[in-house]
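# Structure at a glance
Okay, here's what each chain looks like letter by letter:
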Amino acid sequence: MDFSKLMAAQIAKTSSQSSPSPAPAKPTTTSKYLKRSEVEAAREAAYLAGQAAIESQRIAKANQKRKQEDEDADRAREREAKRMRLAEESKRRQQEEDDRIEKARRKRLGLPELPTAEELAQKEANDAVGPEEEQEDIPDEELFTKLREMEEPIQLFGETHAQRLRRYYRLKNPVSSLMLIQEEGYTTPNPSDPIPTTLLPVPEVDMLIPSTIPPSSSRSGRLLLARQMTSWLTLIFRAWSSALASRDPTVKITLSGQQATNSYAQALSHLTPLYRKLEKLPSNPSELPDDLLAPICKLIRLAQERRYVDANDEYLQVSIGKAAWPIGVTMVGIHERSAREKIGEQGKEKAHIMSDESTRKMLQSIKRCLSFAQTRWPPEDVGQLMG
């Protein structure tokens, strides 16, 4: 019997008995594996949803912050408006109190009453125009152009259109503007000035003192001269005060800093009598004699021209003079010595600094003003610098 045939028959019989008919496979709804595109799409959708939520939260926070900032700004504006209103009310009450005190003081001293704000405004409006050829009003745009062409500032701090127009006509015609200023000559003292005075200040372009003083019979000429002198001295004191105030605090407390401050205060005190004399000079020429007025005017004119060495020589001339001073024994025996009559001679050789204490202090204070003017407005010629 063939063994291979027998094994084949047995295997066929066994396989036919143990293998039933195959059942149909059940359909599946889910897959065990996912495509890469499906994973990327799901991840992108989740990322976009998260970003949308973050953006919505950011917008909500920004809106809330903007609303809070607007509310804070509104409250700040309300506080600022309230502060300004209270400051204006306080300033108005203080001004009313000052006016009441000043009115009572002037009434007690028998002085004329001060003009009201309406009268000052009307006066300013009337003064805004000059002579007949200056009646035309100029718009601001055209006025700015004209001032630029004249190399002048187009607008000063707190300057109105009327004041600007008046300044333009003064610059355009200095002679007529100076004549217009001379019509009044006096004003109410300004408490903010270093030395308050009733003399009306002149513009800086008109401060140059004439080489010869006007005669005592010319009241308008003496009035203009007095105003020029006080205006120049006030200009010096203002620049001097600004220079002292701009120093470092550590410099102010030093010995030299305190001495500089004391020199300024002393000059103000010693030149106040000169201001009072100049106020009375137009109506009473004897307040300041010509032999003292002329050298002082020459001294100030030389300082205005920045000729400080010449001004110092003039100061020595007016303070020391050329009079012969007695030294030692002046009379021996019964015979008169040679040139004895020159001792104590009066006239131009008299030393004004020896006249009285007030004159000495006044001349020394003018010399201090010269020393400061030399540092504030140095000369172009180095030879005109005082030692």
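Structure: see above.
Description of the structure in this document. Everything numeric in this text was worked out from a predicted model, so none of it was measured. (Residues numbered from 1 in each chain as written. Predicted model: local features only at pLDDT ≥ 70, side-chain atom pairs only at ≥ 80, totals over all residues. Heavy atoms only, no water.)

Moving on: the packing of aromatic side chains. This structure, assessed with the given rule, holds five aromatic pairs. When the ring of Phe 237 is compared with that of Trp 240, the centres are 6.3 Å apart and the planes differ by 5°; the resulting orientation is stacked. You can see Phe 237 and its partner Trp 240 sitting in helix α7 (residues 219-245), three residues apart, about one turn around the helix. Judged by its relative accessible area of 0%, Phe 237 is buried. These aromatic residues form a ring-pair network of at least three members: Phe 237, Trp 240, Tyr 264 and Phe 372. (Phe/Tyr/Trp six-rings, centres within 6.5 Å; stacked < 30°, edge-to-face > 60°. Helix = DSSP H or I, 4+ residues; strand = E, 2+ residues; numbered from the N terminus. Buried < 20%, exposed > 50% of the residue type's maximum accessible area, 1.4 Å probe, protein only.)

Attention now moves to a nonpolar patch on the surface. Together, Phe 3, Met 7 and Ile 11 line one region of the surface with nonpolar side chains, adding up to about 340 Å² of accessible area. Relative to the assigned elements, Ile 11 resides in helix α1 (residues 3-18). With a relative accessible area of 54%, Ile 11 lands in the exposed category. (Patch = residues over 30% accessible without salt bridge, like charges linked within 9 Å, V, L, I, M, F, W, Y side chains within 5 Å. Areas by Shrake-Rupley, 256 points an atom, 1.4 Å probe, with all protein chains shown as cover. Salt bridge = Lys/Arg side-chain N within 4 Å of Asp/Glu carboxyl O.)

Direction vectors running N to C along helix α10 (residues 290-304) and helix α11 (residues 308-319) enclose 165°, while the axes themselves pass 8 Å from each other. As summarised for this structure, α10 and α11 are arranged roughly antiparallel, according to the angle between their axes. Judged by the twist between their axes, the crossing of α10 over α11 is left-handed. Contacts from Leu 292, Pro 295, Lys 298, Leu 299, Leu 302 and Ala 303 in α10 reach Tyr 308, Asp 310, Ala 311, Glu 314, Tyr 315 and Val 318 in α11. Here the contact of α10 with α11 is composed, by residue class, of nine nonpolar, no polar and three charged. (Axes fitted to C-alpha atoms, helices over the stretch in contact; angles between N-to-C directions. Parallel < 35°, antiparallel > 145°, perpendicular 65-115°, else oblique. Left-handed = near helix turned anticlockwise from the far one by under 90°. Contact = heavy atoms within 4.5 Å. Nonpolar A, V, L, I, M, F, W, Y, C, P; charged D, E, K, R; others polar.)

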